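Inside the fold
Below, each chain spelled out in residue letters.
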Amino acid sequence: MDLTVTAALPALPAIEPGWQRALRADRGLLFDIHHAIDGPFHMVHPPRFAANLRAFQDVLTRHEVRGQVYYGKKANKAGCWLAVAADLDAGVDVASEPELVHALAHGVRGRDIGVTGAAKTDALLRLAARHGCLVAIDALDEFERAAEIARTAGRLRILLRRLPPGAPHSRFGSSDADLERALDRCVELREHLELTGFSFHLDGYAVAPRAALAHDTIEWCTRARVRGLPATAISIGGGFACRYLRDEDWAAFTRDRRDDWFHAGRQFEKFYPYAQDPTGAAMLDAVLTEQFRGRTLAERLRTADIALLLEPGRALLIDAGFTVFPVLGFKQNADYGITTAHGLSMSVSEQWKGSEFLPDPVLIPRIADPEARPVASCVGGASCMEYDVLTWRKVVLSQRPRPGDLLLYPNTAGYQMDKNESEFHQLPLPPKIVVTGAEARWQWRLDR
Ligand SMILES: *Cc1c(COP(=O)(O)O)cnc(C)c1O
């Protein structure tokens, strides 16, 4: 591969968190773990999750807004995050019985568990009622089912989920007409259902629509209170923005993008916005300071004594994990190579949405060759499927990959680890390795 080809390709280096840089500097560690696991593995770092979570909690505190942060559990199945949520008195947002039980098993109290998702099973509603969880009711028929279950299982705390007026084709939430009807029924069924408030979850990562809908949802609390219902909280869901790449790299990529940057000329309609602002807790701050008729959302929540609930998934996991795929082989059929990784593209969920996870994978050679020249390569998985590709983009690797080298996929904890993994070819799922400790000494264990 001559340098002119690699030089023409874009670089999208991931912004690397300090813990990962320090860990990578410990040359032997990843190879030791590879030796123990003998296959692909995910590295997860709960202290980073804790810092992300605390940053959200601090924003609420700073604005003197009562509230709760529920970790959107579907973004990563590891148990290690749940213990952190429990330690920090945060909540967890679940959508199935196993998720709910998993949260309880790691010490999260029922009252700190939110249950969302479309129509929920009777068993999930019962479990939620027994443990005092907060259930976002999606539709009128589910409302009636929940009330019926609460008659025997105990009074159920609920939110009424709104169909966002700006997203009328969403399959989640109830129309305004159905909400009105639900309010009447809440009055009639107050013995069995406690109307804690209202919720919504929006696609996209913009501040303004969230703030606008939050302001509007406060009005619904007022309407409910007029009828003597508590309505003490609103949930603004998840979708807090995240940053993986620097602005200049992302801008150059989106501006100059060409189909021949990708293996087989593969085309993509859409990419996740890998560089954006504001992100995470700063985005929550921006939502809280967005004004409506001269008053910020924070002021209105304080005045009306309404708690703000949020359900970030990805934004709590940003910079909290990465994935390591051992290299099985490398070959060259054209002016770029194909690296085959020990692992499957199912791990990298973005590959299953007709999109691509774009931060550059990093080659960690077992033996670094100081004379080596960089090579361009796409990355395929260890299956018999043409479409099993971890990276369609021709990325620049520091040297020709050899069997036994490792390929590090940065920042995969949010949705790019286990969301779509399968045991295709009867391959075992990659284990998650929980890594903690200081620079002087790393400690690692398998996630439970
Ligand atoms: C998926 C989901 C979340 C988490 O979304 P992120 O984009 O990961 O923050 C929160 N709430 C609901 C209802 C969801 O469906």
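Scroll up to find the structure.
Below, the structure is looked at part by part. (Residues numbered from 1 in each chain as written. Predicted model: local features only at pLDDT ≥ 70, side-chain atom pairs only at ≥ 80, totals over all residues. Heavy atoms only, no water.)

Residues that lie three or four places apart on an α-helix share one face, since the helix turns once every 3.6 residues. The end-to-end C-alpha distance of helix H8 (residues 140-153), which contains 14 residues, comes to 19 Å, matching closely the 20 Å that a straight helix rising 1.5 Å per residue would cover. Among the residues making up H8, those that are buried are Glu-142, Phe-143, Ala-146, Ala-147, Ile-149, Ala-150 and Ala-153. Turning to H8, the residues buried within the fold contact helix H7 (122-130), strand E5 (134-137), strand E6 (156-161), helix H9 (176-188) and strand E7 (193-199). Just beyond H8, the residue with positive phi is Gly-154, at close to 115°. (Helix = DSSP H or I, 4+ residues; strand = E, 2+ residues; numbered from the N terminus. Expected span 1.5 Å × (residues − 1). Buried < 20%, exposed > 50% of the residue type's maximum accessible area, 1.4 Å probe, protein only. Contact = heavy atoms within 4.5 Å.)

What follows covers the sheet that holds strand E11 (residues 307-310). One closed barrel holds the 8 strands; their spatial order is E2-E3-E4-E5-E6-E7-E8-E11, and the pairing between them is parallel. Each strand of the sheet is rotated relative to its neighbour by a mean of 30°, with strand direction disregarded. As paired strands, E7 and strand E8 (residues 233-235) are joined by 3 bridges and run parallel to one another. By the bridge assignment for E8, Gly-197 is matched with Ala-233. Each of strand E2 (67-72) and E11 touches helix H4 (residues 46-62); the most contacted strand, E2, lies at about 150° to it. (Pairing = 2+ DSSP bridges. Axes fitted to C-alpha atoms, helices over the stretch in contact; angles between N-to-C directions.)

Where H9 contacts helix H10 (residues 207-226), the axes come no closer than 10 Å and their chain directions differ by 30°. When the axis of H9 is compared with that of H10, the two are roughly parallel. Crossing of H9 over H10 shows right-handed handedness. From H9, Asp-176, Leu-179, Glu-180 and Leu-183 reach across to H10, where they touch Trp-220, Arg-223 and Ala-224. Here the residues of the contact of H9 with H10 are counted per class, giving 4 nonpolar, no polar and 3 charged. (Parallel < 35°, antiparallel > 145°, perpendicular 65-115°, else oblique. Left-handed = near helix turned anticlockwise from the far one by under 90°. Nonpolar A, V, L, I, M, F, W, Y, C, P; charged D, E, K, R; others polar.)

Applying the stated criterion to the full structure yields 19 aromatic pairs. Between Tyr-244 and Phe-357 the ring centres are 5.8 Å apart and the planes differ by 85°, which places this aromatic pair in the edge-to-face class. With Tyr-244 in the loop between E8 and helix H11 (247-256) and Phe-357 in the loop between strand E13 (337-341) and strand E14 (362-364), the pair connects residues that are 113 residues apart, well separated along the chain. Overall, Phe-357 belongs to the buried group, its relative accessible area being 2%. Ring centres of Phe-253 and Phe-271 lie 5.7 Å apart, and the angle between their planes is 70°; this geometry places the pair in the edge-to-face category. Placement of the pair is Phe-253 in helix H11 and Phe-271 in the loop between H11 and helix H12 (280-289), with a sequence separation of 18 residues. An identical accessibility class is assigned to Phe-253 and Phe-271; each is buried. Following the ring pairs from residue to residue traces out a cluster consisting of Tyr-205, Tyr-244, Trp-250, Phe-253, Trp-261, Phe-262, Phe-268, Phe-271, Tyr-272, Tyr-274 and Phe-357. (Phe/Tyr/Trp six-rings, centres within 6.5 Å; stacked < 30°, edge-to-face > 60°.)

This brings us to unusual backbone geometry. Of the consecutive residues Asp-277 and Pro-278, the connecting peptide bond is found in the cis state with omega at -10°. Residues other than glycine seldom take positive phi values, yet Asp-38 does so here, at roughly 60°. Relative to the assigned elements, Asp-38 resides in the loop between helix H3 (27-37) and strand E1 (41-44). With relative accessibility at 58%, the residue Asp-38 sits in the exposed group. In this model, Ala-231 sits at a positive phi of 40°, which is unusual for a non-glycine residue. Structurally, Ala-231 is set in the loop between H10 and E8. By relative accessible area, which is 0% here, Ala-231 ends up buried.

Near the ligand, the surroundings consist of Lys-74, Asp-93, Thr-116, Arg-161, His-201, Gly-238, Gly-239, Glu-311, Pro-312, Gly-313, Arg-314 and Tyr-415. In the model, an oxygen atom of the ligand is placed 2.9 Å from a nitrogen or oxygen of the Gly-313 main chain. If the ligand stood free it would expose 390 Å²; the protein chains cover 87% of that surface. Grouping the constituent residues of the shell around the ligand by class yields 2 nonpolar, 5 polar and 5 charged. (Near = heavy atom within 4 Å. Polar contact = N/O pair within 3.5 Å; in protein donor to acceptor, adjacent residues only side chain to side chain. Areas by Shrake-Rupley, 256 points an atom, 1.4 Å probe, with all protein chains shown as cover.)

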